[in-house]
Amino acid sequence: MARKVYVDQEECIGCGACVDSCPDVFRLTEDNVAEAYNPEGASEEEIQEAIDSCPTECIHWEDEE
Ligand code: SF4
């Protein structure tokens, strides 16, 4: 089962750490919160590093059917 990354935007403070870490996966929206605009844009390992660097721990994996 594949995993897909997403950002809980209620918790995001727009610090940009995930964008710095994986710019091909995350970007900041006009509301200055992150979104995973391209969840397949990096390896799971690289995405996990972004998850670990998030100060509010608001990036999560969700299982895909
Ligand atoms: S690292 Fe976390 S708090 Fe910072 S912009 Fe990304 S999702 Fe938001």
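These lines cover the structure that appears in this document, whether it is placed above or below. Note that the structure is a prediction, hence the values are computed from the model and not measured. The numbers attached to residues start from 1 for each chain and follow its sequence in the written order. A pLDDT threshold of at least 70 governs which residues receive local features in this predicted model, and a stricter bar of 80 or more applies before side-chain atom pairs are shown or counted, although totals over entire chains, interfaces and linings include all residues. Computation of side-chain values covers all heavy atoms of the structure but excludes hydrogens and water.

### Description of the packing of aromatic side chains
Working definition: an aromatic ring pair is given by the centre-to-centre distance plus the angle between the planes.
Part 1: Working definition: a ring pair exists when centres of Phe, Tyr or Trp rings (six-membered ring for Trp) sit within 6.5 Å. Plane angles under 30 degrees give stacked, over 60 give edge-to-face, the rest tilted. Scanning the model with the defined rule gives zero aromatic pairs in all.
Part 2: We call a charge positioned above a ring when the Lys NZ or Arg CZ atom is no farther than 6 Å from the ring centre and deviates by at most 35 degrees from the ring normal. In this arrangement the basic side chain of Arg3 is found over the ring face of Trp61, its NZ or CZ atom lying 4.2 Å from the centre.

### Some words on a negative patch on the surface
Part 1: Only residues whose relative accessible area exceeds 30% and that form no salt bridge are eligible for patches; like-charged ones are grouped when within 9 Å, while nonpolar side chains (Val, Leu, Ile, Met, Phe, Trp, Tyr) are grouped when within 5 Å. Under the convention used here, a 1.4 Å probe and the Shrake-Rupley method define accessible areas, while residue burial counts only the protein chains that appear. When a carboxyl oxygen of Asp or Glu lies within 4 Å of a side-chain nitrogen of Lys or Arg, that pair is called a salt bridge. His residues and chain termini do not enter the charge count, which takes Lys and Arg as positive and Asp and Glu as negative. By convention, the point assigned to a charge is CZ for Arg, NZ for Lys, CD for Glu and CG for Asp. Side chains of Asp24, Glu45, Glu46, Glu49, Asp52 and Glu57 sit close together on the surface and give a patch of like negative charge.
Part 2: For helices the rule is a DSSP run of H or I covering at least 4 residues; for strands it is a run of E covering at least 2, with both sets numbered from the N terminus onward. Secondary-structure assignment places Glu46 in helix H2 (residues 44-53).
Part 3: Note on exposure labels: buried denotes an accessible area under 20% of the residue type's maximum, exposed denotes more than 50%, and partly exposed covers the range between, all computed with a 1.4 Å probe on protein chains only. Judged by relative accessible area, Glu46 falls into the partly exposed class, the value being 40%.

### A closer look at the site of the ligand
Part 1: In the neighbourhood of the ligand, 14 residues make up the surrounding shell, with Cys12, Cys15, Gly16, Cys18 and Cys54 lying closest.
Part 2: The classification used treats Ala, Val, Leu, Ile, Met, Phe, Trp, Tyr, Cys and Pro as nonpolar, Asp, Glu, Lys and Arg as charged, and all other residues, Gly among them, as polar. Along the lines of polarity and charge, the residues of the shell around the ligand split into eleven nonpolar, three polar and no charged. Summary of the distance rule: residues count as near a molecule or strand when at least one heavy atom falls within 4 Å of that molecule or strand.

### Topic: the pattern of salt bridges
Part 1: Evaluated as defined, the whole model comprises two salt bridges.
Part 2: Of the charged contacts, one joins Glu44 and Arg3 as a salt bridge, the two residues approaching to 2.9 Å between their closest N and O atoms. With Glu44 in helix H2 and Arg3 in strand E1 (residues 3-7), this pair connects stretches of sequence that are 41 residues apart.
Part 3: Glu44 gets classed as partly exposed once you look at its relative accessible area, which sits at 41%.

Don't take any of this as a statement about function, it's just geometry.
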